[in-house]
Amino acid sequence: MSDTALYQPGILQGVPRVARYVQFTLAGDQQPAHAIKEALTRVSPLINGTDVVIGLAPALVRALGGDIPGLHEFPATFSGRVKVPSTPGQLWCWVRGDDLGDLLHVTRQLQKALAPVFGLRHVVDAFRHRHDEGTGFGRDLTGFEDGTENPKGEEAIAAAFAHGQGGALDGASFVAVQQWVHDLDAFEQMPEDDQNQCIGRRLSDNEEIEDAPESAHVKRTAQESFDPEAFVLRRSMPWLASTQAGLMFVAFGCSFDAFEAQMRRMAGLDDGIVDDVFKLSKPVTGAYFWCPPMRNGQLDLRRLGFD
Ligand code: HEM
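Undergrad: Pulling in residues and values, what's your account of the overall build of the chain?
TA: If you tally the helices and strands in the chain, you get nine helices and 14 strands. Whereas a compact globule of 307 residues would reach a radius of gyration of roughly 19 Å, the chain reaches 19 Å, a difference of no more than 12%. With respect to the principal axes defined by its C-alpha atoms, the chain has extents near 55 × 40 × 40 Å. For the chain, the proportion of its 307 residues judged to be buried stands at 51%. Excluding contacts between residues fewer than 6 apart, the proportion of contacts in the chain whose partners are at least 24 apart in sequence is 77%. For the chain, the exposed surface amounts to about 13900 Å²; the carbon and sulfur share of it is 48%. When the 28 positive and 42 negative side-chain charges of the chain are each reduced to one mean point, those points stand 6 Å apart.

Undergrad: I'd like a rundown of the state of the cysteines, residues and numbers included.
TA: Under the definition given, this model contains zero disulfides. We note that C93 lacks a disulfide partner, and the nearest cysteine sulfur, in C291, lies 9.9 Å from it.

Undergrad: Give a description of the packing of helix α2 (residues 33-43) against helix α4 (residues 100-114) that names residues and reports values.
TA: The interhelical angle for the contact between α2 and α4, taken along N-to-C directions, is 150°, at an axis separation of 8 Å. Crossing of α2 over α4 shows right-handed handedness. Residues A39, L40, R42 and V43 of α2 lie in contact with α4, whose contacting residues are L110, A113 and L114. Looking at the contact of α2 with α4 residue by residue, the class counts come to six nonpolar, no polar and one charged.

Undergrad: Help me get a handle on the nonpolar core, residues and values and all.
TA: Judged by nonpolar contacts, the single largest core of 65 residues is most densely connected at L40, L91, F118 and L304. The greatest single-element share of this core, amounting to five residues, is contributed by α2. Setting aside residues up to four positions removed in sequence, L91 forms contacts with V22, Q23, F24, L40, I54, G55, L56, L60, L114, F118 and F289. Among the nonpolar cores identified, the runner-up in size contains 26 residues, and Y7, I11, W92 and M237 belong to it.

Undergrad: Just give me the short version of the environment of D185, but keep the residues and values in it.
TA: Checked against the element boundaries, D185 lands in helix α6 (residues 184-189). Sequence separation of D185 and G49 is 136 residues, and the distance between their C-alpha atoms is 38 Å.

Undergrad: Please provide a residue-by-residue account of the coordination of the iron atom of the ligand, values included.
TA: The protein gives the iron atom of the ligand a lone donor atom, H217 (NE2), placed 2.0 Å from the metal. Along the chain, the position of H217 falls in helix α8 (residues 217-221).

Undergrad: Please set out the packing of aromatic side chains residue by residue, giving values where relevant.
TA: What the rule picks out here adds up to 16 aromatic pairs. Relative to F252, the ring of W92 has its centre 6.3 Å away and its plane inclined at 55°; by these criteria the two rings are tilted. Of the two residues, W92 sits in strand β3 (residues 91-97) while F252 sits in strand β10 (residues 244-253), which places them 160 residues apart along the sequence. Of the residues examined, F252 reaches a relative accessible area of 0% and is grouped as buried.

Undergrad: Which residues make up the environment of L184, and what values go with them?
TA: Tracing the chain through its elements places L184 in helix α6. Each C-alpha atom, one on L184 and one on Y288, is 27 Å from the other, the two residues being 104 residues apart in sequence.

Reading guide: rules and limits
- The residue count restarts for each chain, going from 1 along the sequence in the order it is written.
- Side-chain atom pairs in this predicted model are given and counted only at pLDDT of 80 or more, local residue features only at pLDDT of at least 70, and totals for whole chains, interfaces and linings cover all residues.
- To get the side-chain values, take all heavy atoms of the structure and skip hydrogens and water.
- Helix numbers and strand numbers start at the N terminus; a helix is a DSSP run of H or I with at least 4 residues, a strand a run of E with at least 2.
- This radius of gyration counts C-alpha atoms alone. The globule rule is 2.2 Å times how many residues there are, raised to the power 0.38.
- Burial status follows relative accessibility: with a 1.4 Å probe on protein chains alone, a residue under 20% of its type maximum counts as buried, one over 50% as exposed, and anything between as partly exposed.
- By definition in these notes, contact holds between two residues if any of their heavy atoms fall within 4.5 Å.
- Per-residue accessibility takes into account occlusion by the displayed protein chains alone, with areas from the Shrake-Rupley method and a 1.4 Å probe.
- Residues scored as charged are limited to Lys and Arg (positive) and Asp and Glu (negative), so that His and the chain ends carry no count.
- Lysine's charge is taken at NZ, arginine's at CZ, aspartate's at CG and glutamate's at CD.
- The definition used for a disulfide is geometric: two cysteine sulfur atoms within 2.5 Å.
- For helices, the axis comes from a line fit to the C-alpha atoms of the stretch in contact; other axes are also lines fit to C-alpha atoms, and the angle between any two N-to-C directions lies between 0 and 180 degrees.
- Left-handed is the label given to a crossing in which the near helix is rotated counterclockwise from the far helix by less than a right angle, and right-handed is the label when the rotation is clockwise.
- Put simply, Ala, Val, Leu, Ile, Met, Phe, Trp, Tyr, Cys and Pro go in the nonpolar bin, Asp, Glu, Lys and Arg in the charged bin, and everything else, Gly too, in the polar bin.
- In this text, buried Ala, Val, Leu, Ile, Met, Phe, Trp, Tyr and Cys residues form a nonpolar core when linked through side-chain atoms within 4.5 Å.
- Listed donor atoms are N, O and S within 2.8 Å of the metal (Na, K and Ca: 3.2 Å). As water is not included, a site may look incomplete.
- Geometry of aromatic contacts follows a simple scheme: Phe, Tyr and Trp rings, the Trp one being its six-membered ring, pair when their centres are within 6.5 Å, and the pair is stacked under 30 degrees between planes, edge-to-face over 60, tilted otherwise.

Written out as structure tokens, the structure is:
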């Protein structure tokens, strides 16, 4: 990846072997904009967009006096037929690598650079599961391959990053982050055919099931079936903590529109049909962040009033 890339390169690269999703919040609500700016200036050298991808929530952009068109909080309105919580955050870091021990040390460096203005709020450790070097895809903890229908190459860039806007906005990405907790007991109790019908693909060979029900996950989310088409770049990873486990769903977009169209349909808001994925998992968080563009290998925060 050249230094001239306008986007944080880690977004486009595949999912790493291990990762930590680290959220920071402002310590107290009285932090002046200049203190926040200084903390972000201190942490910037630690963020190359590859080993650490960063995202700022609408509240933080507001606190800095910034204005990013299209940036807003995760809607509370998906809930109704099923619970889809909106749990706004402030600063999100996707810390990526090969060795979880190393990621602990990176997390500590971020924490120190951001203190005392920001405090650590939440960390989720994630990993690749049954990753196939040949296809480049890993699996969800249910055993289904995840990422198959992700756009590739130029299409991935077009789906994931803002373009044609100017004003230090191009190359930025709008990310939706949702922690899902699996009910693996419920999943294991289903006959394999029912498991396949829930997703709309076969566990055994990942083939799409043409006559899967309308509630099947890949029928709900088929990106080409929306008008306009709703492509996102998914970079989800399995996570576990003690006996709980699931999927950290992460979707990067040139706006939040595609994610919102998919989530609405999954939640049954369009036609009353809820996605079968809710039979085996449930979301417990939901937040939106703006991942700033890069300039000369560094975060480009000019849009937030930085030089
Ligand atoms: C527990 C949560 C979830 C699980 C286990 C899950 C799993 C899967 C699996 C196994 C596939 C098929 C392979 C692939 O193309 O990647 C898939 C496809 C997909 N999922 Fe999910 N998913 C989850 C949540 C979500 C959410 C919340 C969204 C968006 C709101 C979403 C959007 C998509 C899209 C866009 C596709 C590709 C559809 C297509 O164009 O064929 N998924 N997911």
